[in-house]
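Working through the structure, step by step
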Amino acid sequence: MKSDFQFQLKKYNSFNVESISPIVFHPQSYDDLLDLSNKLDRPFYILGEGFNTLFVDEVAPIIIKPHFIGITIDETESTYIIKVAANENWHELVCYCVKRGINGLENLALIPGSVGAAPVQNIGAYGIELSNYCINVSWFEFSSKKLLELNNQACKFAYRESIFKNELKQKGIITEITLELPKCWQANLSYAGLNDLPQDISAIEVMKQVITLRQSKLPDPNKLPNAGSFFKNPSIVRKQWQSLKASYPDMPSYPQKDGRVKIAAGWLIEHVGLKGYQHNGVGIHDKQALVLVNHHNKCGQQILELAQYVQQKVFSVFDLWLEPEVRFVYSDGEQELETNNSIR
Ligand SMILES: Cc1cc2nc3c(=O)[nH]c(=O)nc-3n(C[C@H](O)[C@H](O)[C@H](O)COP(=O)(O)OP(=O)(O)OC[C@H]3O[C@@H](n4cnc5c(N)ncnc54)[C@H](O)[C@@H]3O)c2cc1C
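Residues numbered from 1 in each chain as written. Predicted model: local features only at pLDDT ≥ 70, side-chain atom pairs only at ≥ 80, totals over all residues. Heavy atoms only, no water.

A closer look at the sheet that holds strand β11 (residues 146–151)
The strand order across the open sheet formed by five strands is β6-β7-β12-β10-β11, and the pairing between neighbours is antiparallel. Only two strands of the sheet have a single partner each, and these edge strands are β6 (71–75) and β11. Looking at each pair of strands side by side, their axes are set apart by 20° on average, direction ignored. By the bridge criterion, six bridges tie strand β10 (residues 134–141) to β11 in an arrangement that is antiparallel. Of the residues in β11, the one forming a bridge with Trp139 is Leu148. (Pairing = 2+ DSSP bridges. Helix = DSSP H or I, 4+ residues; strand = E, 2+ residues; numbered from the N terminus. Axes fitted to C-alpha atoms, helices over the stretch in contact; angles between N-to-C directions.)

If you want it as structure tokens, here you go:
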């Protein structure tokens, strides 16, 4: 199996921070995965394209960077069945499908990263989530050395959540996903920014509009390093929402099917006065408060400290604790960002 030693990860994370891994493994076959499962005696991290990853320390753990490539398309009378290997690029997959008249993924255009990472946080945008179309995930389990299949239900998809971020974290590698896209397609224009488009619009036009909207709202990581939305939008019980709404009548909120209410985390950050904030070479984007940016810092520690500062500021004003979307990787592996129990 191809491996790199003392590997600098600066170009492999969208915060563009420096971190050196002692070994990077590049499995690209089942035999490589078998070989790999015998080698994992120290903490490791599975890396896709690094668009949702913050390397906190200057030393990274062992990195596994899978290299599974390939797309196959089958069809039934009413659906397209698309199998995509983990290392294909998500946005290129969306373009590949839409250009062939296979519609459904257009609202998820321009989400950066790999196909293998897409189920991990159930990527979503403009009213669609991966879980709407993902019917199967192929997953290599290190302990049994077997390739297992998880159907949609087994993946436990939820808002920016899945089994892969929880019970199965660090226990195996996603090698391939299967999507099922109905041939009978209807544009999903429910989301703000798409809702004034004509109902008979083509999927290509929807995709173009999504790309235009995203480019106008989010900073390009190649120009200003960032990982997109840093925090999840908190989902709160109705009673808590009512009391917040009484104090902040203009607070945007979105009722959920389960009776809870989702609050825009960007609005909360903006309302504690942090939009455009800068400190120690890192900051909050001046147009989109949910995006933490690295202006010119070499290491991830300052971004971690900024994230904690944002959490504490928001908590002190709104009594809400923001949960990060971004994954935190230390020299001894991935860890959840500590919650400050003394504050909570
Ligand atoms: C500008 C910008 C905009 C964004 N917009 C959105 C958005 O609209 N919606 C959204 O949902 N996200 C968004 N994101 C976040 C990001 O695009 C997604 O999280 C994406 O899935 C990350 O892919 P990646 O390959 O870079 O993942 P990485 O950062 O490399 O990894 C992310 C997680 O997946 C795990 N992982 C990666 N590959 C595998 C594998 N093969 N097997 C098992 N685990 C694996 C990693 O261990 C890690 O836990 C945005 C990010 C940026 C920078």
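Details of the domain arrangement of the protein
Domain boundaries assigned for the protein yield domain 1 (2–64), domain 2 (71–215) and domain 3 (220–335). Between domain 1 and domain 2, the C-alpha centre-to-centre distance is 24 Å. Listed by partner, the interface residues are 15 residues for domain 1 and twelve residues for domain 2. Both faces combined, the contact of domain 1 with domain 2 buries some 1200 Å², and carbon together with sulfur accounts for 66% of it. Our enumeration of links across domain 1 and domain 2 arrives at four residue pairs in polar contact (both at pLDDT 80 or more). When residues of the side of domain 1 that touches domain 2 are traced back to their parent elements, those giving at least two are α1 (30–37) and β3 (44–46). (Domains from an automatic or database assignment. Contact = heavy atoms within 4.5 Å. Buried area = accessible area lost by both parts, 1.4 Å probe. Polar contact = N/O pair within 3.5 Å; in protein donor to acceptor, adjacent residues only side chain to side chain.)

Describing the packing of helix α2 (residues 90–99) against helix α3 (residues 203–217)
One can describe the packing of α2 onto α3 by two numbers: an axis separation of 10 Å at closest approach and a directional angle of 155°. Between α2 and α3, the angle falls in the class roughly antiparallel. Judged by the sense of rotation from one axis to the other, the crossing of α2 with α3 is left-handed. In contact with His91, Val94, Cys95 and Val98 of α2, α3 contributes Ala203, Ile204, Met207 and Ile211. A per-class count over the contact of α2 with α3 returns seven nonpolar, one polar and no charged. (Parallel < 35°, antiparallel > 145°, perpendicular 65-115°, else oblique. Left-handed = near helix turned anticlockwise from the far one by under 90°. Nonpolar A, V, L, I, M, F, W, Y, C, P; charged D, E, K, R; others polar.)

Considering the pattern of salt bridges
For the structure on display, the rule yields 14 salt bridges. Residue Lys232 pairs with Glu161 through a salt bridge whose shortest N-O separation is 2.7 Å. Pair noted here: Lys232 is in the loop between β13 (226–229) and β14 (235–236) and Glu161 is in the loop between β11 and β12 (172–182), with a separation of 71 residues, a long-range link. Side by side, Lys232 and Glu161 carry an identical accessibility label, which is buried. A salt bridge links Lys169 to Glu334, with the shortest nitrogen-to-oxygen separation between them at 4.0 Å. With a gap of 165 residues between them, Lys169 in the loop between β11 and β12 and Glu334 in strand β21 (residues 333–335) connect regions that are remote in the sequence. For Lys169, a relative accessible area of 22% corresponds to the partly exposed category. (Salt bridge = Lys/Arg side-chain N within 4 Å of Asp/Glu carboxyl O. Buried < 20%, exposed > 50% of the residue type's maximum accessible area, 1.4 Å probe, protein only.)

Details of the site of the ligand
Every one of the 33 residues lining the ligand counts as a neighbour, but Ile46, Gly48, Thr53, Pro112 and Ser114 are closest to it. Thr53 has a polar side-chain atom sitting 2.7 Å from an oxygen atom of the ligand. The separation between an oxygen atom of the ligand and a polar side-chain atom of Ser114 is 2.7 Å. Relative to its unbound accessible area of 990 Å², the ligand is 94% covered by the protein chains. Taken together, the elements giving at least two residues each to the shell around the ligand come down to β3, β8 (124–125), β12 and β13. Considering every element that reaches the shell around the ligand, the biggest residue donor is β13, with three residues. (Near = heavy atom within 4 Å. Areas by Shrake-Rupley, 256 points an atom, 1.4 Å probe, with all protein chains shown as cover.)

Some words on the packing of aromatic side chains
One pass over the full model with this rule turns up 14 aromatic pairs. The interplanar angle of 55° and the centroid separation of 4.9 Å between the aromatic rings of Tyr248 and Phe318 together place this pair among those described as tilted. Placement of Tyr248 in the loop between α4 (238–247) and β15 (253–255) and of Phe318 in helix α6 (residues 301–318) is noted, with a sequence separation of 70 residues between them. Pairwise contacts between aromatic rings join Phe15, Phe230, Phe231 and Phe328 into one cluster. The ring of Tyr80 has Lys183 lying over it, and the distance from NZ or CZ to the ring centre is 5.2 Å. A cation over a ring is seen here: Lys262 above Tyr159, with NZ or CZ 3.6 Å from the ring centre. (Phe/Tyr/Trp six-rings, centres within 6.5 Å; stacked < 30°, edge-to-face > 60°. Lys NZ or Arg CZ within 6 Å of the ring centre and 35° of its normal.)

Here we look at the pairing of strand β7 (residues 79–85)
A large share of β7 lies buried, amounting to six of its seven residues. Two elements, β6 and β7, share five bridges in a ladder whose sense is antiparallel. The residue bridging Glu75 from the neighbouring strand is Tyr80, located in β7. Inspection of the sheet shows β7 paired to β12 by seven bridges, in the antiparallel sense. Residue pairing across strands places Ile82 opposite Leu179, the latter belonging to β12.

Remarks on α1
Within α1 the residues assigned to the buried category are Asp32, Leu33, Leu36 and Ser37. For α1, the angular spread of the buried residues around the axis is 135°, confining them to a single face. Buried residues along α1 sit against β2 (20–26), β5 (62–64), β10 and β12. (Arc of directions from axis to C-beta.)

Considerations on the nonpolar core
Side chains that are nonpolar tend, in soluble globular proteins, to be buried together. Counting 47 residues, the largest nonpolar core has Phe55, Phe230, Phe231, Ile269 and Val310 as its most contacted members. Looking at this core, the elements that each hand over two or more residues are β4 (53–55), α4, β16 (261–263), α5 (265–271), β18 (282–284), α6 and β20 (327–330). If you tally residues by element for this core, the top one is α6, at seven residues. Composition of this core by domain shows at least three residues from each of domain 1 (2–64) and domain 3 (220–335). If we ignore the near neighbours within four places in the chain, the residues touching Val310 are Phe231, Ile269, Leu274, Ile284 and Leu322. Val98, Ala118, Cys134 and Val206 belong to the second largest nonpolar core, which has 46 residues in total. (Core = buried A, V, L, I, M, F, W, Y, C linked by side-chain atoms within 4.5 Å.)

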